[in-house]
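# Close look at the chain arrangement
Here is what each chain is made of, one letter per residue.
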Amino acid sequence: MAFLQRVVNGGGSLEREYAIGRGRMDLCLRYGRLTLGIELKVWRPGAPDPLTEGLPQLDDYLAGLNLDSGWLVIFDRRPEIPPLAERLSNEDTQTPSGRAVRLVWA
């Protein structure tokens, strides 16, 4: 969040736990005409893949902001996975209703 705050410092805003509809999106970044909805998830040991919950949740938030795209960042905290440098990746995917999502695995 500190990195993103520096990005928007000159002409934007970064809101945490942004209230939208019945839920709270983790981050809402606004910079000029650009609005980014960002949902953060943590994959903990013994828990199911948070992608299953994250995509529909982000979909609802994006609908509430009338946005066609957003970001889902998943921090993998399971002990049996490779080091961060080997697993850090991103890909394009979609929400259940077809909104574009940049998915980041960290």
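Just above sits the structure.
Cut-offs and rules
- Once a new chain begins, its residue numbering starts again from 1 and follows that chain's sequence as written.
- Selection of residues for local features in this predicted model requires a pLDDT of at least 70, selection of side-chain atom pairs for listing and counting requires 80 or more, and totals for whole chains, interfaces and linings are taken over all residues.
- Excluding hydrogens and water, the side-chain figures rest on all heavy atoms present in the structure.
- In the sections that follow, a salt bridge refers to a side-chain nitrogen of Lys or Arg positioned within 4 Å of a carboxyl oxygen of Asp or Glu.
- Only DSSP runs of H or I with at least four residues qualify as helices, and only runs of E with at least two residues qualify as strands; both kinds are numbered from the N terminus onward.
- Burial classes follow relative accessibility: with a 1.4 Å probe on protein chains only, a residue under 20% of its type's maximum area counts as buried, one over 50% as exposed, and anything between as partly exposed.
- Each polar contact in these results corresponds to two N or O atoms within 3.5 Å; when the atoms are within protein, one needs to be able to donate a hydrogen and the other to accept it, and residues that are neighboring in sequence are counted only if both atoms are side-chain atoms.
- Residue contacts are counted whenever heavy atoms from the two residues lie within 4.5 Å of one another.
- Working definition: a ring pair exists when centres of Phe, Tyr or Trp rings (six-membered ring for Trp) sit within 6.5 Å. Plane angles under 30 degrees give stacked, over 60 give edge-to-face, the rest tilted.
- In this analysis the charged atom, NZ for Lys or CZ for Arg, is taken to sit over a ring once it is within 6 Å of the ring centre and within 35 degrees of the ring normal.

### Topic: the pattern of salt bridges
- Taken as a whole and assessed by the stated rule, the structure comprises six salt bridges.
- Between Glu-53 and Lys-41 there is a salt bridge whose closest N-O contact spans 3.3 Å. You can see Glu-53 sitting in helix 2 (residues 51-65) and its partner Lys-41 sitting in strand 3 (residues 34-43), a full twelve residues away along the chain.
- With relative accessibility at 12%, the residue Lys-41 sits in the buried group.
- Arg-78 serves as the salt-bridge partner of Glu-80, at 3.9 Å between the closest nitrogen and oxygen.

### Structural notes on the side chain of Asp-76
- Note on placement: Asp-76 falls in strand 4 (residues 69-76).
- There is a polar contact of 2.6 Å between the side chain of Asp-76 and the side chain of Arg-78.
- Those residues in contact with Asp-76 that sit more than four places away from it in its chain are Trp-43, Ile-81, Arg-87 and Ala-106.

### Notes on the packing of aromatic side chains
- Using the criterion set out here, one finds one aromatic pair in the structure.
- The ring of Trp-43 carries the charged tip of Arg-78 above its face, separated from the ring centre by 3.6 Å.

### Looking at the side chain of Thr-35
- Counting through the fold element by element, Thr-35 comes out in strand 3.
- Judged by its relative accessible area of 17%, Thr-35 falls in the buried class.
- Within the structure, Thr-35 has its side chain in polar contact with the side chain of Arg-30 (distance 3.4 Å).

### Digging into the environment of Leu-27
- Positionally, Leu-27 belongs in strand 2 (residues 23-31).
- Here the alpha-carbon distance between Leu-27 and Leu-40, two residues 13 residues apart in the chain, equals 8.1 Å.

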